[in-house]
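# Fold and contact review
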Amino acid sequence: MARWCYRHRLVVLLLWVGALFGLGFAGSAAGTDYANVFSLPDTDSKRAYDLMEKAFPERAGDTDTVVWKSDEGSVRDGSVRSRIEPALRRIAAMEGVGEVAGPYSGRAGAAQISRDGRIAYAQVTFTEQANAVPKELIEDVVGTAQAAGHDGLQVELGGQAIARTQEPPQGTAELVGIVAAAVVLFLAFGSLFAMLLPIVVAVFGVGLGMLTTMLLSHVTDVPEVAPLLGSLIGLGVGIDYALFIVTRHRRGILRGGQPEDSAVTALNTSGRAVLFAGGTVCIALAGMLVMNLRFLDGVVIATSLTVVLSVLAATTLLPALLGLLGTRVLSRRQRRRLAAAGPEPEEASGLAARWSVYVQRRPRSIAVLAVAVMAVLALPVLSLRLGATDQGNHQESQTTRQAYDLLAEGFGPGVNGPLQVVVEGTAPQSLVSGIRSTQGVAQVAAVPEANGVTVIQVVPATSPQDERTDRLIDRLRDDVIPRSGAEAHVGGVTAVFKDFAQVTGDRLPYFVATIIALGFLLLLVAFRSLLVPLTAALMNLVAAAASFGVLVAVFQWGWGTELLGIGKEGPITAFLPVIMLSLLFGLSMDYQVFLVSRMHEEWVRTKDNARAVRVGLAETSRVINCAALIMICVFSAFVLSGDMEGAMAGIGLAAAVALDAFILRTALVPAAMHLFGKANWWLPAGLEKRLPHLAVEPAEAPVEKAASAGGASVIHGYIRTADGAAAEGVAVTLLTRGGRQLDRVTALADGSYIVAVPAPGTYLLAATAHGLGSRARHVVVGEGPLVYDMELVGEGEVDAVN
């Protein structure tokens, strides 16, 4: 498939561009129909909601609020009314506005003026739900209302529709994340074209995913936050997956391979790993279905679809783009060096190799330090409280936050989250009086019976996010309503979110157990080990606890909220743990597979655990850290999304990826594997026979220039000094028995080397280093790779190379 895409690159590119523009046209024509469905079967708030729909079926539109405050005098004064009443009449006359209920008409309106007479509000009911109200209409309402204000008269607006006018332009967060990722990629590759490749691939995958989600919103319930989360995870994995493949392709060209063969090899190796990684992310996301919450179904659809399309773009569009670029995927300096000096070996970063040796020498101290850091960061998770954000969490400069605060000032904090006690039939007086006398209730008003249903409006004395409001709901359900003998249910937005948090908390352990068990089984099959998947499962839990600790400190305790510009602290959104755990599980699996697969390959060849862990870490840590840095940039940019849930997910996932990549995968995991020794790779014989065999990546010849030759192979190993230390900077040369040079490399910081062998036979392998002398040995290479270690004992031996 990779070769076909490479050779038919224009056809592939046209198909992707056509799909993007076609879906874009269809999406713009059809629009969106996102639905925030918090359907919670068998909950008290759901039964209350059903009765409310029966009582008031005509109140389908979104209701928003205009609030004004007079600094001097009363809002009843003629100077205030002469400005506010004409504005309200103009708003009521606008097409798309169903009703405006102001404070200046009738006894009902009098309740909309505060006791001190300085604050009043009017309710504006639109004919459509918030996401369907035209933005131009909302802006007209905001402009008309605020034009009535002047010095001494403050006018603010609140509500879901009004909040849409405060959203930053769509794509701002994505654009900032892409620019930050581009900087990281350019520093990593040093080539403009190589930098653009992962970004173009990710943009195509995310673009198609978001457009398809828009169309799917017409046929199934997709919440508004779903495309935001889909683009967040899609950008992260899309850039990372393309990064893995492009890195492998560039390495192939630098080592003498033809661009086409190098691209095919890259897709047949790293591309397979990308398919495996994308599959694990989708499986982890599908784990959210265990929660049995309709709200999450749309999130699963949007995020999984975007990941699938990102993988498809990486495995089809990317080879086509590689075909268009050819050798220009390398920087000019690399192309000049390749033309002048010929192929060069792939060498891991000296820093990565030195760090790998350091971890091997001090595994206990590194493991203890890493565990201590993660434990400290996880401590705040003990005070985690699930709930819902509202406009009281918006930034102080926003009109929705100002309106929220004004209502709380004039009518008490509970007015922003009233409860509805819903009774089928007529509500007994004992229920109304019982509610009125309940601790924590500020106001009670029974609405006349409608369609066989009575609604009692209850205004708590505390804000919607206050824990005392949750306790009031429990008192009403457990004590007051049963004592009255009535069949009643407590509803309202605050009660819905409380029930949602309760259901989420109850089902979360089953969800965590499912995804941890799934990860354990996948790694068990892939690496034929019990300890490796067990370690990975434990690390996933540690990473989740630490990332949620960061989330609680920032969003619940308010540490740094002003600095980040994300508004006021509050509870953690109830559905966020489920989404974050799914994404964290998928991304952790990516890094774990990438790291341990290299270790496992070395273990299979040498049966030396210390060597396997050292080589695996030295060769993969740089790419893992680069990929993690890109994801951190993309996720952190979602603080700019204007959506509190998006900001929470962005900060939480950025913290999770940073801790997972920089502390767990490159420090704690290898340190633990050094301590465990050969036990890492133990598997009971009976289980070994029964497990299916799954290869994440096929075996490959590390040098592409030898890949096409029959029987091509490699010699690899370590160069040591007499005391067993790594010999850094040793020149290793492979020659024919007649003295013709075939390959020449420089050993890495840990003494490792690898040279290409064109075919089976007898060769001369020589190692030379200043101050250590040189040594040459005849080696016999068969069909497979040969592991050959050498020792340099000092000056005095013949310089066999020169």
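These lines cover the structure that appears in this document, whether it is placed above or below. Keep in mind the model is a prediction, meaning the values are calculated, not measured.

### Structural notes on the side chain of Ser 304
Relative to the assigned elements, Ser 304 resides in helix 12 (residues 294-325). Take Ser 304: its relative accessible area is 13%, and that puts it in the buried class. One polar contact links the side chain of Ser 304 to the main-chain carbonyl oxygen of Val 300, over a distance of 2.9 Å. Look past the residues within four positions of Ser 304 in its chain and what remains in contact with it is Cys 282 and Leu 285.

### Considering the pattern of salt bridges
Counted according to the given criterion, the structure contains 14 salt bridges. Notably, a salt bridge pairs Asp 261 with Arg 3, separated by 3.5 Å at the nearest N-O pair. Residue Asp 261 is found in helix 11 (residues 259-286), and its partner Arg 3 is found in helix 1 (residues 2-7); the two are separated by 258 residues along the sequence. The exposure class of Asp 261 is partly exposed, given its relative accessible area of 34%. By relative accessible area, Arg 3 is classed as partly exposed at 31%. As a salt-bridge pair, Asp 660 and Arg 665 come within 2.9 Å of each other at their nearest N and O atoms. One exposure class covers both Asp 660 and Arg 665, and it is buried. Linked through salt bridges whose partners overlap, the residues forming this network are Arg 3, Arg 7, Glu 260 and Asp 261.

### Comments concerning the environment of Pro 460
You can see Pro 460 is positioned in strand 8 (residues 453-460). On the accessibility criterion, Pro 460 (1% relative accessible area) is buried. For the pair Pro 460 and Gln 443, spaced 17 residues apart in sequence, the C-alpha separation works out to 7.0 Å. Here Pro 460 is in contact with Gly 414, Gly 417, Pro 418, Leu 419, Gly 440, Ala 442, Thr 469 and Leu 472, once residues within four sequence places are set aside.

### Some remarks on helix 19 (residues 493-527)
Across its 35 residues, helix 19 extends 48 Å between first and last C-alpha, which sits within 8% of the 51 Å expected from 1.5 Å per residue. After helix 19 finishes, the residue Arg 528 shows a positive phi value of roughly 50°.

### Side note on the packing of aromatic side chains
For any two aromatic rings, the description comes down to two numbers: the centre-to-centre distance and the angle of the planes. Here the structure, examined in full by the defined rule, presents six aromatic pairs. Seen from their ring centres, Trp 16 and Phe 204 are 6.3 Å apart, and the 90° between their planes marks the pair as edge-to-face. A residue pair is termed long-range when its members are at least 10 positions apart, and Trp 16 in helix 2 (residues 9-30) and Phe 204 in helix 9 (residues 192-216) qualify at 188 residues. Above the plane of the ring of Phe 193 lies Arg 328, whose end atom (NZ or CZ) is 5.7 Å from the centre. For Arg 614, the ring lying beneath its charged end belongs to Tyr 718, and the centroid distance is 4.6 Å.

### Regarding the sheet that holds strand 4 (residues 153-158)
Within the open sheet, the four strands sit side by side as 2-3-1-4. Their pairing is antiparallel. Every interior strand has two partners, whereas the edge strands, strand 2 (97-101) and strand 4, have only one. Each adjacent strand pair in this sheet contributes to an overall mean axis angle of 20°, direction not counted. Packing against the sheet, helix 6 (residues 135-147) makes contact with strand 1 (63-70), strand 2, strand 3 (119-126) and strand 4, and its axis sits at approximately 160° to strand 4.

### Some details on the packing of helix 8 (residues 172-189) against helix 10 (residues 225-254)
Helix packing for two helices is described by the angle between their axes and how far apart those axes are. Across the interface, helix 8 lies against helix 10 with an axial gap of 11 Å and an inter-helix angle of 15°. Here helix 10 runs roughly parallel to helix 8, going by the angle between their axes. Crossing geometry of helix 8 relative to helix 10 is assigned as right-handed. Between helix 8 and helix 10, the contacting residues are Glu 174, Ile 178, Ala 181, Leu 185 and Phe 189 on the first element and Ser 231, Leu 235, Ile 239, Leu 243, Val 246, Thr 247 and Arg 250 on the second. Partitioned by chemical class, the residues of the contact of helix 8 with helix 10 number eight nonpolar, two polar and two charged.

### Some words on the state of the cysteines
Enumeration over the complete set of coordinates arrives at zero disulfides. Of all cysteine sulfurs, the one in Cys 282 lies closest to Cys 5, which takes part in no disulfide; the gap is 19 Å. With a relative accessible area of 4%, Cys 5 lands in the buried category. Judged by relative accessible area, Cys 282 falls into the buried class, the value being 16%.

### Details of the side chain of Thr 469
Residue placement: Thr 469 occurs in helix 18 (residues 467-484). On the accessibility criterion, Thr 469 (0% relative accessible area) is buried. A distance of 2.6 Å separates a polar atom in the side chain of Thr 469 from a polar atom in the side chain of Thr 462. Excluding residues that lie within four positions of it along the chain, Thr 469 makes contacts with Pro 460, Thr 462, Ser 463, Pro 464 and Thr 494.

About the thresholds
Sequence order as written defines residue numbering, which begins from 1 separately in each chain. Whole-chain, interface and lining totals are the exception, using all residues; otherwise, since this is a predicted model, local features are given only for residues with pLDDT of at least 70 and side-chain atom pairs are given and counted only at 80 or more. The side-chain figures draw on all heavy atoms in the structure; neither hydrogens nor water molecules are used. Secondary structure is summarised from DSSP: a helix means a run of H or I of at least four residues, a strand means a run of E of at least two, and numbering begins at the N terminus for each. Exposure categories follow from relative accessible area, calculated using a 1.4 Å probe and restricted to protein chains: below 20% of the type maximum is buried, above 50% is exposed, and the middle band is partly exposed. Between N or O atoms, a polar contact is any pair within 3.5 Å; within protein, one atom must be a potential hydrogen donor and the other a potential acceptor, and residues adjacent in sequence are included only when both atoms are from side chains. Whether two residues are in contact is decided by their heavy atoms: any pair within 4.5 Å suffices. Each reported salt bridge corresponds to a side-chain nitrogen of Lys or Arg within 4 Å of a carboxyl oxygen of Asp or Glu. Multiplying 1.5 Å by the helix residue count minus one yields the expected span of that helix. Aromatic rings from Phe, Tyr and Trp, taking only the six-membered ring of Trp, are treated as a pair when their centres fall within 6.5 Å; an angle between ring planes under 30 degrees marks them as stacked, one over 60 as edge-to-face, and anything in between as tilted. We count a charge as sitting over a ring when the NZ of a lysine or the CZ of an arginine lies within 6 Å of the ring centre and within 35 degrees of the ring normal. At least two DSSP bridges between two strands are required for those strands to pair. Inter-axis angles, ranging from 0 to 180 degrees, are taken between N-to-C directions of lines fitted to C-alpha atoms, where helices are fitted over the stretch in contact. Should an angle fall under 35 degrees it is taken as roughly parallel, and over 145 as roughly antiparallel, whereas 65 to 115 is taken as roughly perpendicular and any remaining angle as oblique. The hand of a helix crossing depends on one turn: near helix anticlockwise from the far one by less than a right angle means left-handed, and clockwise means right-handed. Each residue gets one of three labels, nonpolar for Ala, Val, Leu, Ile, Met, Phe, Trp, Tyr, Cys and Pro, charged for Asp, Glu, Lys and Arg, and polar for the others, Gly among them. Two cysteine sulfurs form what is called a disulfide whenever their separation falls within 2.5 Å.

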